[in-house]
Structure formats: structure tokens, C-alpha cells
Amino acid sequence: RDEIGYLWNHFAGMVQNLREKQQELQAVHQQLEIQATTDALTGLYNRRYLYDIFPRLWSESQRQQQRLSVLLIDLDLFKQVNDRHGHQVGDKVLVMLAGVLRDTCRVSDFAFRMGGEEFLVLTKGDVDGAAVLAEKIRATLELCSLVGDGYTLRVTASIGVARAEEGDGANALSQLLARADKALYAAKQSGRNQVLTWP
């Protein structure tokens, strides 16, 4: 009985150790997954995650006969912020915009940092609703100010809005981004700090 008891206790200890190791591995895996899908500076999703998740969202929207729209957001004159105040202040501005996106977007929206000062929001619904959201983001950001040692900064953003079309098929994401980019370019050319929809 003592030998059986010893073996049983030893086995129970091994099982417990395996469980702990498995939990550690799961935690590491979750951490790696977060790092792979989020932007380190802002905590928003990154460009890679957009390309991962879009096919699933596109299929869902096709099945449910819903629209998908994007807001392509670019900070106005951001290079001047970096040149005048340095990259650390520039980073704070990017974090401020990320905060505005968190505060204004719905739970069902996806916000991404695409790189540099360019951000994207993927939202379910037509361009009309997306344009309302875009204007809310633009107006909220315009009212924000970043206060630091010897400076008070206010920034604005230009936003291009576009929707995916039913016939886009396998190229839906690239076509959607191209449309939003054209609308964004037009917003920049028209004086910045505004929302324009494609077409």
C-alpha cells in the first residue's frame, strides 16, 4: 500500500506539473498572438491582422447581405510635428488618435494602425453610417490637445471613406483600400481636416 500510495502521489505531482506547464504555454501563446496582431505603440490592431481577418468578415457580410465600409485616416502635417517636437511627441500624438478611435468606434468596429500616421477603421454598414462615424472621429480629434513641457499641440486628420462592392470578389480588400485612398487624397487636396467619401 505504501508503494502504491507513493506512486500515486508521484503521478499526481507529475499531472499537476504538466497542467502548470500547459498553462504557462497557453499564456505565452496568447502573448505571442497579441504581439503578432497588435501595434506595439498604440495597442490597436496592425496591418497584418487586417489581412488575416478581412476574408472572414467579407464572407460574413456576403452571407448576411451587409455592407462593409472603411475609414482611411491620415494625420495632417504630421511630419511637421516630428520635425518641430521630435519623434517622442509624435508618438504621443499617435497614441492620442488611437484613444480617440477607442472612444468613438463601436464594439463591432475594428481599428487598425496601418503604419506611420495612417489608421483604418473597418465597420459594418454603408458609407452613410461610416461617414457619420468618420466625422465624429475628425471632430473629436480636432478638440483634443496634447500638453507637454513648453508646448500645446492640436492636430487634425483627413479621412477617406469607401465601401466594398458586391462584385469585388477575391480582390475586395485591395479595391476597398484603393477607393478609400482616392477619397483620402481628395480630402488632403481639398484643404485637409475633412471627410470625403468615394466616389
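Note that the coordinates shown come from a computational prediction; the quantities given were computed from them, not determined experimentally.

Now for helix α6 (residues 172–189). With 18 residues, α6 should reach 26 Å at 1.5 Å per residue; the first-to-last C-alpha distance of 26 Å fits that figure. Those residues of α6 that fall on the buried side of the exposure criterion are Ala-172, Leu-173, Leu-176, Leu-177, Arg-179, Ala-180, Ala-183, Leu-184, Ala-187 and Lys-188. Tucked inside the fold, the buried residues of α6 contact α2 (47–63), β2 (68–75), β4 (118–124), β7 (157–163) and β8 (195–197).

In this section: the packing of aromatic side chains. This structure, assessed with the given rule, holds six aromatic pairs. Ring centres of Tyr-49 and Phe-112 lie 6.5 Å apart, and the angle between their planes is 35 degrees; this geometry places the pair in the tilted category. Placement of the pair is Tyr-49 in helix α2 and Phe-112 in strand β3 (residues 110–115), with a sequence separation of 63 residues. Across this residue pair, the class does not change: Tyr-49 and Phe-112 are buried. With 6.2 Å between their ring centres and 10 degrees between their planes, Phe-54 and Trp-58 make a pair best called stacked. Taken together, the residues Phe-54 and Trp-58, both in helix α2 and four residues apart, mark about one turn of the helix. Judged by relative accessible area, Phe-54 falls into the buried class, the value being 4%. Every member of this aromatic cluster is reached through a ring pair, and the members are Tyr-45, Tyr-49, Phe-110 and Phe-112.

Taken across its seven residues, β4 has five buried, putting it largely inside the fold. Looking at chain direction, β2 and β4 are connected through seven bridges and run antiparallel. Bridge pairing in β4 links Leu-68 to Lys-124. Sheet topology places β3 next to β4; five bridges connect them, and they run antiparallel. Residue Phe-110 lies in a different strand from β4, and its bridge partner there is Leu-122. Taking the residues that link successive antiparallel strands as the turn, the β3-β4 hairpin has two residues, and the phi of Gly-116 there is positive, at about 55 degrees.

Moving on, we come to the sheet that holds strand β1 (residues 45–46). Taking strand neighbours across the sheet as the criterion, the six strands line up as β1-β3-β4-β2-β7-β8 in an open arrangement whose pairing is mixed. With partners counted over all chains shown, the strands left at the sheet margins are β1 and β8, one partner each. Across seven bridges, β2 lies against β7 in antiparallel orientation. The residue of β7 that forms the bridge with Val-70 is Ala-162. Packed onto the sheet, α2 meets β1, β2, β3 and β4 and runs at close to 140 degrees relative to β3.

Considering all chains together, one arrives at 13 salt bridges under this definition. Glu-165 is the salt-bridge partner of Arg-67, the closest N and O atoms lying 3.8 Å from each other. One end of the pair, Arg-67, is in the loop between α2 and β2; the other, Glu-165, is in the loop between β7 and α6, and 98 residues separate them in sequence. For Arg-67, a relative accessible area of 24% corresponds to the partly exposed category. The exposure class of Glu-165 is partly exposed, given its relative accessible area of 23%. Between Asp-74 and Lys-188 there is a salt bridge, and its shortest N-O distance comes to 2.8 Å. Remark: Lys-188 occurs in helix α6 and Asp-74 occurs in strand β2; sequence separation between them is 114 residues. When sorted by exposure, Asp-74 lands in the same class as Lys-188, which is buried. Where salt bridges share partners, they join Arg-67, Asp-126, Arg-163 and Glu-165 into one cluster.

Cut-offs and rules
- Residues numbered from 1 in each chain as written.
- Predicted model: local features only at pLDDT ≥ 70, side-chain atom pairs only at ≥ 80, totals over all residues.
- Heavy atoms only, no water.
- Helix = DSSP H or I, 4+ residues; strand = E, 2+ residues; numbered from the N terminus.
- Expected span 1.5 Å × (residues − 1).
- Buried < 20%, exposed > 50% of the residue type's maximum accessible area, 1.4 Å probe, protein only.
- Contact = heavy atoms within 4.5 Å.
- Phe/Tyr/Trp six-rings, centres within 6.5 Å; stacked < 30°, edge-to-face > 60°.
- Pairing = 2+ DSSP bridges.
- Axes fitted to C-alpha atoms, helices over the stretch in contact; angles between N-to-C directions.
- Salt bridge = Lys/Arg side-chain N within 4 Å of Asp/Glu carboxyl O.

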